Structures are given as structure tokens and as C-alpha cells.
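So you can see what is in the structure, the chains are spelled out below.
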Amino acid sequence: MISLVQFRDADGDRGVAVIRDGGVASRLPGVSGTLALARRALAEGATLDALTASLGDGAPVDLASVELLAPIDHEDPAHLLLSGTGLTHLGSAEGRDKMHRALDDTAHQTDSMKMFLMGVEGGKPATGAGGAQPEWFYKGDGSSLVAPGAPLLSPDFALDAGEEPEIAGIYLIADDGTPVRLGYALANEFSDHVTERGNYLWLAHSKLRPAALGPELLVGELPAHVEGVSRIVRDGETLWEKPFLSGEANMSHSIANLEHHHFKYGMFRRPGDVHVHFFGTATLSFSEGIETREGDVLEIEAAPFTLPVRNPIARAAAPAAAVKVL
């Protein structure tokens, strides 16, 4: 397996490093970004793996001495879409059910549990068939994508700033409207769980937050079993830590089914657009009563990714959102 890392060197020049089988990072000659590399691969009818192999490895790159960038970006952030799905992992319904169940704890299933069970029963259809629809949400455009190590800005009105350790699929829409998966990234989907708990119809509000990706774009297929660790570090000490599972072996939906229900909409197949689609999680510190605060560092790591997602929490200033009448 190979992974691609975008960076900016000491001279301010952008580059892409390739890591082969978790080894040394080497600069790809003549490549300034993963999107440019993907466009070239499409134009030449080559895979990313084959194209990087044909380019050869340049000089070694010390990733600790360069500025790491998000593994994908777009020169026009409006043409990069962040979205995701929820209730997709085995075990993911428990925490959500606790949040959404009425205080009198009636015997009826919540809508969250009903949707989760729909995925368990029909989320992995036969090849070429459409299965159960997952929950879907919008997070923002490319301006909401946070670089490695940069602060995750929680809005001034937010009631919570919680981590969500996930895998995200990275896609480019080809000139003929075909979605092309470039690879996968380790991700922190970052949400406001207190707002969501207030009313599940506020889920859309709770997801309008920034998100962070790890520096690596993992090229090829995602392993069926992915195991990692999510932690919160406060004042240099680990406040909370828990393992998490992902990959199709631990999911109630297949990745193909999640992709089908996203890209079946024509508006998401606009040529030239980039999509970052989050596949969900079953592990949240919020479900265990943890309250994050400004300055906490959210860390997520998982093999086969060699680099973690690591970002501090910060709070944004109050916006000037008053509407003028023209």
C-alpha cells in the first residue's frame, strides 16, 4: 500500500511525498498537489499507484521538518464538499439511542435505532444493487477542512466540541460525471453532541462544524478491519482514551452502499468537484460523559495510516451575522 502526503517546504513550495509500505517518505518529482496528480492520472488513464511508480522516488522528505497539509484540497474551496453518514458501524446505535431516547424511556424504538437496524438488515447488498439508505449529513465546503495540527474552531454558540474518529473517502468527479475514489484518509469529523442530544432534528446544525483529516491519502482499498485509538489530551496528560474499530468488517453498511447513496444525486456528480465523505464511527468520548474544553488536543491514530490526526480545540469569535436589507 502507498500513501500520499501534501506538504509545504521551507522555501514555501508545495510538494507531494509518497510513503510505500509505511517506509520512508520520498518526494514525487514535478508534483505540487494530490489533486493535480489525480487529474493527470485520469487524463492518462492510469491508476494513482501506477502513476506514482512511473514518476519514481525523488529525495527523501523529513515529514517532521515540513508543513503538513490536508491530503486533498481544491484551488476553489467551494468545489470541495464535506459530507458524511451516521449509524453505519456495528455498535454505533447505543450512544445515539441514549441521546435521542425520551426521558420517560418508553419501550418504543427511537428513530436512530430504527435506522441503525435498517442498515444491519440491508446495508450490505449484493454487488450492483442498492441497499438501505444511511443517515446523511452536510458539513461544509473546503473552507471547513482543517490542516494537520491546526485548531478546530468551535463556534462561539456551540454547546459541545466533540471528536468523532472516522475514515473518510476522498473522491474526484471525472469529466464525464463519474465519481472516482482517490483513496482514504483518517479523520476527525468533529461535532456538537449536546446540540444533537437536544433534538435529533438538530443533527444538521450539530454537523456544521470544521473537520480535520490526517496528512495521508491512503491509495487503494481500505482493509476490512481497521483498529485505532482515539484520545483527548489536556495539559499534556491523557484525559480519555479508547480504541475504535472501522472497516467493512465492523460496519453495518458496505462502503459501496454508502457511496451509492451519496453519488446517486446528480448535484454530487459535477465534473471537477472533490468530495470528502465521512463513513461514521461507534466511539465517542461524549457517550462516556466527557466534556471537552478549549485547549484540549484531539488525537486519532490507526493502522495502516502511519501519521495521526492531531488538532487542538479553539473557540471562534462571535460572527457578525446580522442581515442587511437592500
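Please refer to the structure placed before this passage.
Residues numbered from 1 in each chain as written. Predicted model: local features only at pLDDT ≥ 70, side-chain atom pairs only at ≥ 80, totals over all residues. Heavy atoms only, no water.

A. Geometry of unusual backbone geometry. In the segment running from Ala303 into Pro304, the intervening peptide bond is cis, with an omega of 15°. In this structure, Phe190 is a non-glycine residue whose phi angle is positive, near 55°. Topologically, Phe190 is positioned in the loop between strand 10 (179-188) and helix 5 (193-198). (Helix = DSSP H or I, 4+ residues; strand = E, 2+ residues; numbered from the N terminus.)

B. A look at the pairing of strand 5 (residues 80-86). For strand 5, a buried count of seven out of seven residues is recorded, marking the element as mostly surrounded by other parts of the structure. Side chains Leu80, Leu82, Gly84 and Gly86 project from strand 5 onto one buried face, and the interleaved Leu81, Ser83 and Thr85 project onto a second face that is buried too. Bridging between strand 5 and strand 15 (residues 274-278) involves five bridges; their strand directions are parallel. Across the sheet, the residue bridging to Ser83 is His277, located in strand 15. As judged from the six bridges shared by strand 5 and strand 6 (residues 135-141), these two strands associate in the antiparallel manner. Within strand 6, the residue paired with Gly84 across the bridge is Phe137. (Buried < 20%, exposed > 50% of the residue type's maximum accessible area, 1.4 Å probe, protein only. Pairing = 2+ DSSP bridges.)

C. Local environment of the sheet that holds strand 17 (residues 309-315). If you walk across this open sheet you meet the five strands as 8-17-16-13-14, and the pairing is mixed. In this open sheet, the two strands that pair with only one neighbour each are strand 8 (152-154) and strand 14 (237-246). Across the sheet, the mean angle from the axis of one strand to that of its neighbour is 20°, orientation sign disregarded. Of the strand pairs in this sheet, strand 8 and strand 17 are connected by three bridges, and their pairing is parallel. Bridging across to strand 17, Ser154 finds its partner in Arg315. (Axes fitted to C-alpha atoms, helices over the stretch in contact; angles between N-to-C directions.)

D. Main features of the nonpolar core. Among the nonpolar cores identified, the biggest contains 31 residues, and Leu213 and Val276 are the most heavily contacted of them. The biggest single contributor to this core is helix 1 (residues 34-44), with four residues. (Core = buried A, V, L, I, M, F, W, Y, C linked by side-chain atoms within 4.5 Å.)

E. A look at the environment of Met113. Relative to the elements of secondary structure, Met113 occurs in helix 4 (residues 111-122). Taking C-alpha positions, Met113 is 8.6 Å from Leu87, a pair spaced 26 residues apart along the chain.

F. Spatial organisation of helix 1. For helix 1, every residue scored as buried is listed here: Thr34, Leu35, Leu37, Ala38 and Ala41. In a view along the axis of helix 1, the buried residues occupy a sector of 160°, so they form one face of it. Just past helix 1, the residue Gly45 takes up positive phi, approximately 65°. (Arc of directions from axis to C-beta.)

G. Representation of the side chain of Ser206. The residue Ser206 is located in helix 6 (residues 203-206) in this model. On the accessibility criterion, Ser206 (0% relative accessible area) is buried. Excluding anything up to four places from it in sequence, Ser206 contacts Ser191, Asp192, Thr195 and Glu196. (Contact = heavy atoms within 4.5 Å.)

H. Geometry of helix 2 (residues 48-55). Buried residues of helix 2: Leu48, Leu51, Thr52 and Leu55, and no others. Down the axis of helix 2, the sector holding all buried residues measures 95°, keeping them to one side. Along helix 2, exposed side chains directed more than 90 degrees from the buried face belong to Ala53 and Ser54. The secondary structure elements touched by the buried residues of helix 2 are strand 1 (2-8), strand 2 (14-20), helix 1, strand 10 and strand 12 (216-219).

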